[in-house]
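Per-entry structural report
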Amino acid sequence: MTKGITTRAVGETVDDFLLIKQSVKGVTTTGNPFMSLVLQDKSGDIEAKLWDTKDEHERMYAAETIVKVGGEIHNYRGKNQLRIKSIRPAKPEENLTIAEFLPSAAQTTDELHEEVTKFLFEMENPQIQRITRHILKKYQQQFLTFPAATRNHHDYVSGLADHVVSMLKLGKAICEVYPSLDKDLLYSGIILHDIGKVFELSGPIATTYTIEGNLLGHISIMVTEIAKAAEELGIEGEEVMLLQHIVLSHHGKEEWGSPKKPMVKEAEILHYIDNIDAKMMMLDRVLGKTKEGEFSERVFALDNRSFYKPKL
């Protein structure tokens with residue numbers, strides 16, 4: 001079985017089929033065109049540069065294209081990259097499908113749906129439960145298949161639902177330690193906080209930001225969706241405003257993308273839970289391809305730090 005692209009060590013050669021996840025055209029300081037590629041298989045993705053490109057290369061090596069790549073893994077500024085020595089589009093007779101190259105959640109969509117449903121049944125506030133069910137049912141298919149991001153964390157098929165399930169488990173454990181938290185408000189906030197990403201992102205394959213995502217963002221989109229759900233269900237009251245506030249504030253600070261800072265304790269806790277789960281995903285991923293007794297590659301989203309993997 002071929003080793004995954006993210007498991008290759010520096011110096012190892014590559015001669016594999018990979019999927020172009022992202023493709024961006026650029027120009028060097030000397031005016032020479034190049035392309036920045038993100039290539040992936042089921043193990044994850046790796047960055048690569050294609051130098052001295054021409055206009056036809058932009059069409060040949062667009063996102064969602066399967067390519068045969070020859071090259072070598074090298075380290076650039078503390079992070080593994082693929083140095084491309086040869087590349088060509090896959091041929092029709094090679095019978096490859098995009099699905100063969102997509103990382104996905106460990107659980108199936110049915111299992112993830114069942115996990116989320118358990119938490120819906122635990123809710124006691126009928127207003128909060130009805131709003132949450134309504135929105136979840138409306139976007140169920142996208143919720144169960146979309147990633148939670150384009151890069152860094154839960155950026156794979158069903159990553160959004162996987163992220164929410166992990167957060168719900170954390171939320172339940174925290175509520176058991178701190179029973180003064182409103183469980184329904186916290187669970188609903190966790191389920192709803194990122195559903196706006198089904199509008200913000202293009203989908204599970206070669207994920208990019210949509211026009212709506214760039215112009216509005218998932219936070220403001222979701223605040224509108226909560227208001228629409230409440231109106232469609234004939235629900236009025238503080239619950240609607242609190243759910244909107246939790247979504248508005250879940251990034252924690254204005255400079256991190258939240259229009260408001262958390263001003264109720266459930267919003268504050270949800271922000272921490274969201275942060276913990278995202279950071280743990282990044283740490284597990286980078287340390288999963290690091291040998292014991294060595295430092296990982298740098299993680300840009302974690303202050304560009306390297307992490308040591310103990311021999312324990």
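Here the structure is a predicted model, which means the values were calculated and not measured. Each chain has its residues counted from 1, running along the sequence as written. Local features are withheld for residues below a pLDDT of 70 in this predicted model, meaning they are given only at 70 or higher, and side-chain atom pairs are given and counted only at 80 or more; totals for whole chains, interfaces and linings count all residues. Side-chain metrics rest on all non-hydrogen atoms present in the structure, leaving aside hydrogens and water.

Topic: the domain arrangement of the protein chain
The start and end points of each domain follow an automatic or database-based domain assignment. In terms of domains, the protein chain is made up of domain 1 (12–100) and domain 2 (109–285). Its C-alpha centre places domain 1 at a distance of 33 Å from the equivalent point of domain 2. Any pair of residues with heavy atoms lying within 4.5 Å of one another is described as a contacting pair. Taken residue by residue, the interface counts 10 residues in domain 1 and 6 residues in domain 2. Here the quantity called buried area is the total loss of accessible area, with a 1.4 Å probe, experienced by two parts when brought into contact, counted for both. On the domain 1 side of the interface with domain 2, the three residues burying the most area are K21, Q22 and E64, jointly 59% of the side's total. For this analysis, a salt bridge means a side-chain nitrogen from Lys or Arg found within 4 Å of a carboxyl oxygen belonging to Asp or Glu. Here E47 ties to R151 by a salt bridge, and the two come within 3.7 Å at their closest N and O atoms. Polar contacts, as used here, are pairs of N or O atoms within 3.5 Å; protein pairs need one atom able to donate a hydrogen and one able to accept it. Residues neighboring in sequence count only if both atoms are side-chain atoms. Along the contact surface separating domain 1 from domain 2 lie 3 residue pairs in polar contact (both at pLDDT 80 or more). Counted by class, the side of domain 1 that touches domain 2 contains 4 nonpolar, 1 polar and 5 charged residues. Residues are grouped as follows: Ala, Val, Leu, Ile, Met, Phe, Trp, Tyr, Cys and Pro are nonpolar; Asp, Glu, Lys and Arg are charged; every other residue, Gly included, is polar.

Considerations on the UniProt feature "domain: HD" (unreviewed entry) in the protein chain
UniProt positions are given in the numbering used here, feature names are shortened, and annotations may be inferred rather than shown by experiment. In this structure's numbering, the residues bearing the UniProt feature "domain: HD" (unreviewed entry) are residues 160–279. Only DSSP runs of H or I reaching four residues or more are called helices, and only runs of E reaching two or more are called strands; each is numbered from the N terminus. Between the C-alpha atoms that bound residues 160–279 there is a distance of 15 Å. The span itself is 68% helix and 0% strand.

Brief notes about the pattern of salt bridges
Counted under the stated rule, the structure contains 23 salt bridges. E72 serves as the salt-bridge partner of R83, at 3.9 Å between the closest nitrogen and oxygen. Pair noted here: R83 is in strand β5 (residues 79–89) and E72 is in strand β4 (residues 66–76), with a separation of 11 residues, a long-range link. Exposed residues in this analysis have more than 50% of their type's maximum accessible area, buried residues have under 20%, and partly exposed residues fall in between, with area computed by a 1.4 Å probe over protein chains only. In this structure R83 comes out as partly exposed when scored by relative accessible area, which is 40%. The class for E72 is partly exposed, based on a relative accessible area of 23%. A salt bridge links D155 to R285, with the shortest nitrogen-to-oxygen separation between them at 2.7 Å. Placement of the pair is D155 in the loop between α4 (140–145) and α5 (159–177) and R285 in helix α11 (residues 265–288), with a sequence separation of 130 residues. The structure contains a network of salt bridges with shared partners spanning K21, D45, E47, K79, R151, D155 and R285.

Remarks on the environment of E294
Here E294 lies in the segment after α11. Not counting the four nearest positions on each side in its chain, E294 is found in contact with F307, Y308 and K309.

Observations concerning helix α10 (residues 238–249)
Helix span, expected: 1.5 Å multiplied by one less than the number of residues in the helix. A rise of 1.5 Å per residue sets the reference length of α10, with its 12 residues, at 16 Å; its end C-alpha atoms lie 16 Å apart and thus fit the reference within 8%. With 9 of its 12 residues buried, α10 lies for the most part within the structure. Regarding α10, the residues found buried are E239, V240, L242, L243, Q244, H245, I246, V247 and S249.

Points about the packing of aromatic side chains
Aromatic rings from Phe, Tyr and Trp, taking only the six-membered ring of Trp, are treated as a pair when their centres fall within 6.5 Å; an angle between ring planes under 30 degrees marks them as stacked, one over 60 as edge-to-face, and anything in between as tilted. Per the stated rule, a full pass over the model turns up 4 aromatic pairs. Plain terms: the ring middles of F34 and W51 are 5.2 Å apart, the flat faces sit at 40 degrees to each other, and that makes the pair tilted. Pair noted here: F34 is in strand β2 (residues 33–41) and W51 is in strand β3 (residues 44–51), with a separation of 17 residues, a long-range link. Ring centres of F119 and Y187 lie 5.1 Å apart, and the angle between their planes is 85 degrees; this geometry places the pair in the edge-to-face category. A residue pair is termed long-range when its members are at least 10 positions apart, and F119 in helix α2 (residues 109–122) and Y187 in helix α6 (residues 183–192) qualify at 68 residues. The same class applies to F119 as to Y187, namely buried. Stacked on the ring of F17, the Lys or Arg K68 has its end atom at 5.0 Å from the ring centre. Whether a charge lies above a ring is judged from NZ of Lys or CZ of Arg, which has to be within 6 Å of the ring centre and within 35 degrees of the ring normal. Here the basic side chain of R133 rests over the ring of F121, its NZ or CZ set 5.1 Å away from the ring centre.

Some details on α2
For an α-helix the count is 3.6 residues per turn, leaving residues at separations of three or four pointing the same way. Taking 1.5 Å per residue, 14 residues should reach 20 Å; α2 reaches 21 Å between its end C-alpha atoms and fits that length. Looking at α2, one finds that the buried residues are L112, E115, V116, T117, F119 and L120. The inward-facing, buried residues of α2 abut α3 (126–138), α4, α5 and α6.

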